[in-house]
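# Fold and contact review
Each chain is listed here by its residues.
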4 protein chains.
Amino acid sequence: MRDLDEETAMGVSTGINQRLRTQRIETPSWAYGNSGTRFKVFAQPGVPRTVEEKIDDAAQVHAFTGVAPSIALHIPWDKVDDYSGLAKYAESAGLRIGTINSNVFQDDDYKLGSVTNPDPRIRAKALDHLLECVDIMDATGSRDLKLWFSDGTNYPGQDDIRARQDRLAEALAAVYRRLGPHQRMLLEYKLFEPAFYTTDVPDWGTAYAHCVELGEQAQVCVDTGHHAPGTNIEFIVAFLLRAGKLGAFDFNSRFYADDDLMVGAADPFQLFRIMYEVVRGGGYEADAGIAFMLDQCHNIEPKIPGQIRSVCNVQEATAKALLVDSEALAAAQRTGDVIAANDVFMDAYKTDVRPILAELRTEMGLEEDPLAAYQRSGYAERIVAERVGGHQAGWGA
Amino acid sequence: MRDLDEETAMGVSTGINQRLRTQRIETPSWAYGNSGTRFKVFAQPGVPRTVEEKIDDAAQVHAFTGVAPSIALHIPWDKVDDYSGLAKYAESAGLRIGTINSNVFQDDDYKLGSVTNPDPRIRAKALDHLLECVDIMDATGSRDLKLWFSDGTNYPGQDDIRARQDRLAEALAAVYRRLGPHQRMLLEYKLFEPAFYTTDVPDWGTAYAHCVELGEQAQVCVDTGHHAPGTNIEFIVAFLLRAGKLGAFDFNSRFYADDDLMVGAADPFQLFRIMYEVVRGGGYEADAGIAFMLDQCHNIEPKIPGQIRSVCNVQEATAKALLVDSEALAAAQRTGDVIAANDVFMDAYKTDVRPILAELRTEMGLEEDPLAAYQRSGYAERIVAERVGGHQAGWGA
Amino acid sequence: MRDLDEETAMGVSTGINQRLRTQRIETPSWAYGNSGTRFKVFAQPGVPRTVEEKIDDAAQVHAFTGVAPSIALHIPWDKVDDYSGLAKYAESAGLRIGTINSNVFQDDDYKLGSVTNPDPRIRAKALDHLLECVDIMDATGSRDLKLWFSDGTNYPGQDDIRARQDRLAEALAAVYRRLGPHQRMLLEYKLFEPAFYTTDVPDWGTAYAHCVELGEQAQVCVDTGHHAPGTNIEFIVAFLLRAGKLGAFDFNSRFYADDDLMVGAADPFQLFRIMYEVVRGGGYEADAGIAFMLDQCHNIEPKIPGQIRSVCNVQEATAKALLVDSEALAAAQRTGDVIAANDVFMDAYKTDVRPILAELRTEMGLEEDPLAAYQRSGYAERIVAERVGGHQAGWGA
Amino acid sequence: MRDLDEETAMGVSTGINQRLRTQRIETPSWAYGNSGTRFKVFAQPGVPRTVEEKIDDAAQVHAFTGVAPSIALHIPWDKVDDYSGLAKYAESAGLRIGTINSNVFQDDDYKLGSVTNPDPRIRAKALDHLLECVDIMDATGSRDLKLWFSDGTNYPGQDDIRARQDRLAEALAAVYRRLGPHQRMLLEYKLFEPAFYTTDVPDWGTAYAHCVELGEQAQVCVDTGHHAPGTNIEFIVAFLLRAGKLGAFDFNSRFYADDDLMVGAADPFQLFRIMYEVVRGGGYEADAGIAFMLDQCHNIEPKIPGQIRSVCNVQEATAKALLVDSEALAAAQRTGDVIAANDVFMDAYKTDVRPILAELRTEMGLEEDPLAAYQRSGYAERIVAERVGGHQAGWGA
């Protein structure tokens, strides 16, 4: 067992702190709006009514954690007339606009698919939207376009599985050609929902194969809630990093399906294992270009605290991952000492890293406990009082 | 292999037809309204705007299939001022009001639970609703009250698992005491959704234990989409029948979670196995009192055809179940002849029973193919033309 | 965040230590023998050849952990001529004989089932074995008979699901009648394997229903690896405790199916949640009579270290469960503060309890790190050198 | 509904019969030997003691079905001194030697992996075995080398996930270089078992990525029992066919994990959907080069009947797939008519194709019911009588 109290004084945690200090976690605009299940959306008081108010909320998360300096947008949920104006607004709030998320699943036309729809008119419409998202990236200076397709079928025979792949490949190629030299396409996969029989990009293999075909600017986005039961996510992370195809994470957690709970809430050990593979595979280095994003639904808990808690959970998992004694681990692995290797790994996980993070925050001029500090700030009460009238932001479902 | 062409002429199918003729499948009012996922509800033209229009649609399903003479209601989605008037309306349409489904998941108060909420005021409110449902049963002459609780938690520690069972037991007992002598309580279970960590009635064991404690008028409702992956549903059916605690089915099908696809669409063999256990265990007899209900979402397919197809799928599975040569099966089982027993069982499943059902319908004065007959009838076009304006029925989420 | 370093000095951990001191974890004789998968059993040097040598190994686990004073037997793997002699041997090694595990799955006769076999001769033979196990309990002074039935079918139609329940009930009743007044029957359930279509006791509901019918001396045994994906085990624990029907645990862990890994290795957070419900529901009290057993396969890791590590993992989860600030938790739950309640719960989990356990062991006259102490002891080298020749113990598959 | 009785006379089935006639299904040598679970192998009388006896049994399957003309070998289970002699023996029995299956999971050295083992000596040994298998292919004239690696880890931290991929890639490349111009490497994937934390080739994506890197002679083998719950296998089949990377099937079926039941026994509808995608994607054409193999365990049913039943199940699924009215299906898909498209698809599935297959067999000079014919033949009784003494073949576990 590593004695952290002593090591903190000795400088081991200093090295970790320097690495933790550079961490960047992106929060999504939609996490600040109302969300729910198909059964009910429980509205919360104080929820933003405009993109600017979402940015204000995201700025709070950054203010208290110090590691969340960007906000992802979702088009058309965050549609505005002036995107460069929006980027300036974000800047004035201490943030920048991050990933642009496309949405080709909420128009009535997309009932049977968007870019994979059998109807060429609808495919063209969907493609137009994706290209428009690249326009928005140009205006906001965003590097990444995240593509999630809800496309799929509900019934066997409903459509031609293979033809849909052809259509998908065609649309992806058109978008890829439109990318600027410093822009990237992040292709997300998901096992199911809202499609309940086939999904056109159901797993990492499908996303990977398309990205390889497209080229270097196409990368895979791993949403930690989008896998079949039993899937070893850290294996996928390690594999994609080795192949140079890991582009981003959508962090959240789940006990069952795409539950979209706060990351680390359901299986903190899994989050640690994932972050370990990120570190191990070089994905934590700034030049690896991996985008660490949250993508969650705070259906019953308050939004800003939910985001702050999630950012902290990622930080804790990262701190533990950085604590793994890699030399001792490699030695135990080399000699096939199963229990010793597992012990070295678990030693880092079992360590309570909250003192390290408290120290880090103090160094960064922040309060030790971001959530408590936010709650003391009065911001929550203020937005409830001020955000009266108008139309609360939501998923638009 | 049984030669059905010959047997049809010889009378084997006659016996089956007599049993199929007595089948009763209940359709739910909400299947005729709009439904969707948390991502999008795709509205369909011609969807009912009132309970009466839902009854009209259900009457179509019965008119073409001959085996769907009742409609389940969902309160408050189907709230009206005059329930006995509604019952008369149904009667005039050739239907009767079936199961009353309670809804304690769509009021803002129920964010953290209804009858299991830590707040006694909210529990009392939920209980009031349940008791009101029994009032409605009195007015409509319904026999069954179906209780599905979305109650549960999303995060470890959020609430006390055990205390919630105490609260649940208390509410169930209060409702049970309110039942008339010929009324029943059907307790439904579901693994997850909308709760994503614990669900207060997550499995058949929980529902069963509460029903045993309550008494004879409490029975379990099996929703075929509410189980963990790999669960053997026909085992549960057989077990509950043996224990005298199988009260009802909510039929639908799924590839992943609670997908609510048309029953038999995802795994027709499973539906056959379930219906075989129903027949084997005496559950198909009229005096068994088991309610066979559909509970599906037609998110992308038209509603009335979706219900007709589902009714036909249940009929086909039932016909196959009735075809199993039980003597040959028992003989093979007795001697431990694994392959022979499986062969006898599969022989029935592999049989194309559509000729039997066509014959049955002809005997009943119906057209052979209910879906084609409905589509020729012009009803679909008529409701699209007539149901303009007003507010389309939906789930109220 | 609770500052444990300070609290340790202040006495909070003292209270916890007193409770941890009374913990009793039973190790199984078969964990010391060879085990494997259907693909290969990798034999390990030094593995016991006799029951006595298994007892010697179990005594080592107790010697270094101080909380593993009993050993479970598996009949016929541990068959001897003189069971009271065996009990004395155990006593001389500082142990007592714990649970007697029956085995009705390895005789050629049991290919199609034991107590549920369609052949009455085989059922009688299986029942005889179970009754013989009670004789052994009488001789060894064991309190508990653990019944796990591999009985089930591989193919639809292979046997009658319901008739098998009748046969099961009959056999259980016969065994129950044979129990002495201070003996208990523990009925274990398992989703699948070795049966691949139906299993006759597949879930807790089935075990529970049979135990209720049998009477107070019949209780359910929860094997933590025997559930469908997504099953919430701590819910089952809470439910069974509330119903007075939780009799025992078979601890192990899994990522996929019944992987039988070291408990806590796959999901330490789940183990914590389970132990929290045990504590919350009164199951940790000595008079609750719950048997905490390990049931694992150390296929690739050494056996004794695997057991020691597992005992420590249970201790750590228990320590964290005892650390939960129940007053703060109840307050947050009462007010519906989801994030605060989850935070209180996680605070305990995130705490590094290894210092508490080190202190506990020192108080008990043990070394702080049981595994390191065992490894230094030379026992491992000694048994490799001494246990030459003979036939290594295994599963007898 | 298609009226097959009439169509049979009219020639529709004739076209299907011509296509069914060309079908080739390979049976595996190990299916004729004893198999079981980790709990017990139930030996069966009459089981082969030598490779030649396995070939004799496989010849029976071919004799009665007419579509199983080759037998896969498993090295070292089928090790002989003279492989060209063995090929001649097969030829004299009316068979040819099919796929060569390597085995690097049953030597004690492979406890922690074969080609991915951290120990270079063990990796070299494993590679030697794989190269030896190519030698055997040269001698037997086999086209395909099937590689399944049980390699993986049981515990987090046990070994380096990424380094294992490097080692795997190195070994695969060495084997690939050794292949003759007309030989292929088939890389199989499996979610878990016998490894219980990571598996080095866990999913199709991993196998696909390695095969792409290796070149055209490397293809993916899809074992229908090797996926996570909920995985859509027909999607993978369609995807791999589109990418030119589907090399082979290992057919079997499962309700839970890798249950290895008779193919089509657990989900005949899934088998139909898979065969439909094979046909749709051109994989059924002889020049597609796809190997259709059985890979099952007949733990409780007799071996030869189990293989015959499985061959028939694949034939039935294929016949149904060939029956799909592709023009009507395409028309319904084009217009987005979900129910009509599903109906066209289901129409083929619901058809009882046993009369078509009976006709096919008559045309081929076979009896209509292969299983009944085999059972009448007396072969089963003969091998029980004759195969006395010696050592029954098994998995060598």
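Parameters at a glance
- Residues numbered from 1 in each chain as written.
- Chains lettered and ligands numbered in written order.
- Predicted model: local features only at pLDDT ≥ 70, side-chain atom pairs only at ≥ 80, totals over all residues.
- Heavy atoms only, no water.
- Helix = DSSP H or I, 4+ residues; strand = E, 2+ residues; numbered from the N terminus.
- Rg over C-alpha atoms; globule rule 2.2 N^0.38 Å.
- Buried < 20%, exposed > 50% of the residue type's maximum accessible area, 1.4 Å probe, protein only.
- Contact = heavy atoms within 4.5 Å.
- Areas by Shrake-Rupley, 256 points an atom, 1.4 Å probe, with all protein chains shown as cover.
- Lys, Arg positive; Asp, Glu negative; His and termini not counted.
- Charge placed at Lys NZ, Arg CZ, Asp CG, Glu CD.
- Least-squares fit on C-alpha atoms with pLDDT ≥ 70 in both.
- Pairing = 2+ DSSP bridges.
- Axes fitted to C-alpha atoms, helices over the stretch in contact; angles between N-to-C directions.
- Buried area = accessible area lost by both parts, 1.4 Å probe.
- Salt bridge = Lys/Arg side-chain N within 4 Å of Asp/Glu carboxyl O.
- Parallel < 35°, antiparallel > 145°, perpendicular 65-115°, else oblique.
- Left-handed = near helix turned anticlockwise from the far one by under 90°.
- Nonpolar A, V, L, I, M, F, W, Y, C, P; charged D, E, K, R; others polar.
- UniProt positions renumbered as here; feature names shortened; annotations may be inferred.
- Right-handed = clockwise from strand over helix to strand, strands pointing away.
- Core = buried A, V, L, I, M, F, W, Y, C linked by side-chain atoms within 4.5 Å.
- Expected span 1.5 Å × (residues − 1).
- Polar contact = N/O pair within 3.5 Å; in protein donor to acceptor, adjacent residues only side chain to side chain.
- pLDDT = per-residue confidence, 0-100.

### Examining the overall build of chain A
- A tally of helices and strands in chain A yields 15 helices and ten strands.
- Taken over the C-alpha trace, chain A has a radius of gyration of 21 Å; the compact-globule value for 397 residues is 21 Å, and the two agree within 12%.
- Looking at chain A residue by residue over its 397 residues, the buried ones come to 69%.
- Looking at chain A alone, contacts between residues at least 24 apart form 78% of all its contacts between residues at least 6 apart.
- Within the structure as shown, chain A displays about 12400 Å² of accessible surface, and the carbon and sulfur contribution to it stands at 50%.
- Averaging the coordinates of the 39 positive side-chain charges in chain A and doing the same for the 59 negative ones gives two points 2 Å apart.

### Some words on the relation of the copies chain B and chain D
- Under the fitted operation, chain B is carried onto chain D by 0.0 Å of movement along the axis and a turn of 180 degrees, and the coordinates agree to an RMSD of 0.0 Å. Considering both components of the superposition, the chain copies are consistent with a two-fold axis. Using C-alpha coordinates, one finds that chain B approaches the rotation axis most closely at D352(B), a distance of 2.7 Å.
- When the interface residues of chain B are mapped onto chain D, 100% of them again fall at the interface, so both copies present the same face.

### Comments concerning the sheet that holds strand β2 (residues 70–74) of chain B
Residues and elements named next belong to chain B.
- Across the sheet, which stays open at both edges, the eight strands sit in the order β1-β2-β3-β4-β6-β8-β9-β10 with parallel pairing between neighbours. Taken across any chain shown, the strands that pair with only one partner, and hence form the sheet edges, are β1 (27–28) and β10 (291–294).
- With four bridges connecting them, strand β8 (residues 218–223) and strand β9 (residues 246–251) associate as parallel partners. Within β9, the residue paired with V220 across the bridge is L246.
- Running at roughly 155 degrees to strand β6 (residues 184–188), helix α6 (residues 161–178) makes contact with β4 (144–147), β6 and β8 of the sheet.

### Looking at the interface of chain B and chain A
- Between chain B and chain A, the residue contacts involve 44 residues of the former and 44 residues of the latter.
- Across the chain B to chain A interface the summed buried area is about 4200 Å²; carbon plus sulfur atoms make up 63%.
- Ranking the residues of chain B by area buried against chain A places R38(B), F39(B) and Y155(B) at the top, with a combined share of 22%.
- Across the contact surface, chain B and chain A share eight salt bridges.
- The residue R38(A) makes a salt bridge to D260(B) at a minimum N-O spacing of 2.9 Å.

### Things to note about the packing of helix α8 (residues 233–242) of chain B against helix α7 (residues 204–214) of chain C
- At a minimum axis separation of 11 Å, α8(B) and α7(C) run at an interaxial angle of 20 degrees. When the axis of α8(B) is compared with that of α7(C), the two are roughly parallel. Crossing hand, α8(B) versus α7(C): left-handed. Every residue of α7(C) that contacts α8(B) at F235(B), F239(B) and R242(B) is listed here: T206(C), A209(C) and H210(C).
- Across the contact of α8(B) with α7(C), the residue classes tally to three nonpolar, two polar and one charged.

### Let's talk about the UniProt feature "domain: Xylose isomerase-like TIM barrel" (unreviewed entry) in chain A
- Per the UniProt record, "domain: Xylose isomerase-like TIM barrel" (unreviewed entry) is found at residues 64–257 of chain A.
- Across residues 64–257 of chain A, helical content stands at 37% and strand content at 19%; the span's end C-alpha atoms are separated by 31 Å.

### Focus on the pairing of strand β10 (residues 291–294) of chain A
All names here are of chain A.
- Side chains A291 and M293 project from β10 onto one buried face, and the interleaved F292 and L294 project onto a second face that is buried too.
- As judged from the four bridges shared by strand β9 (residues 246–251) and β10, these two strands associate in the parallel manner. Note that in β10 the partner of F251 across the bridge is L294.
- What joins β9 to β10 is helix α9 (residues 268–280), and the crossover it makes is right-handed.

### Digging into the nonpolar core
- Ranked by size, the top nonpolar core spans 502 residues in total, and within it F249(A), F249(B), F249(C) and F249(D) carry the most contacts.
- In contact with F249(D), not counting residues within four places along its chain, are C221(D), V222(D), T224(D), V237(D), I274(D), V278(D), I290(D), A291(D), F292(D) and M293(D).

### Overview of helix α9 (residues 268–280) of chain C
All names here are of chain C.
- The first and last C-alpha atoms of α9 sit 18 Å apart over 13 residues, in line with the 18 Å expected at 1.5 Å per residue.
- Most of α9 is tucked away: twelve of the 13 residues are buried.
- Among the residues of α9, P268, F269, Q270, L271, F272, R273, I274, M275, Y276, E277, V278 and V279 are the ones counted as buried.
- Among the residues trailing α9, G282 stands out with phi positive, at a value near 85 degrees.

### Regarding the interface of chain B and chain D
- Listed as interface residues are 35 residues of chain B and, on the opposing side, 35 residues of chain D.
- Where chain B abuts chain D, roughly 2700 Å² becomes buried across the two surfaces, and 57% of that area is made up of carbon and sulfur atoms.
- The tally of links between chain B and chain D comes to six salt bridges.
- Linking K350(B) and E316(D) is a salt bridge whose minimum nitrogen-to-oxygen distance equals 3.1 Å.
- Linking chain B with chain D are seven residue pairs in polar contact (both at pLDDT 80 or more).

### A look at the confidence of the model for chain A
- Here chain A averages 95 in pLDDT, and 96% of its residues register 70 or above.
- Taken together, the chains of this predicted complex give a pTM of 0.97 and an interface ipTM of 0.96.

### Digging into the pairing of β4(B)
All names here are of chain B.
- Neither face of β4 is left uncovered, since the one carrying D144 and K146 and the one carrying L145 and L147 both have all their residues buried.
- As judged from the two bridges shared by strand β3 (residues 96–101) and β4, these two strands associate in the parallel manner. The residue of β4 that forms the bridge with N101 is K146.
- Relative to β6, β4 is paired through four bridges, and the arrangement is parallel. Residue pairing in the sheet places L147 in a bridge with L187 of β6.

### Notes on the side chain of R254(D)
Residue and element names in this part refer to chain D.
- Structurally, R254 is set in the loop between β9 (246–251) and α9 (268–280).
- Separated by 3.1 Å, the side chain of R254 and the backbone oxygen of H227 make a polar contact.
- At 3.4 Å, the side chain of R254 forms a polar contact with the backbone oxygen of A257.
- Residues within four places of R254 in sequence aside, it is in contact with T224, G225, H227, P229, D259 and A266.

### A short note on the relation of the copies chain B and chain A
- Of the transformation placing chain B onto chain A, the axial shift is 0.0 Å and the rotation is 180 degrees, giving an RMSD of 0.0 Å.
- Interface overlap between copies is the fraction of interface residues in one copy that are interface residues in the other; for chain B against chain A it reaches 100%, indicating a shared surface.

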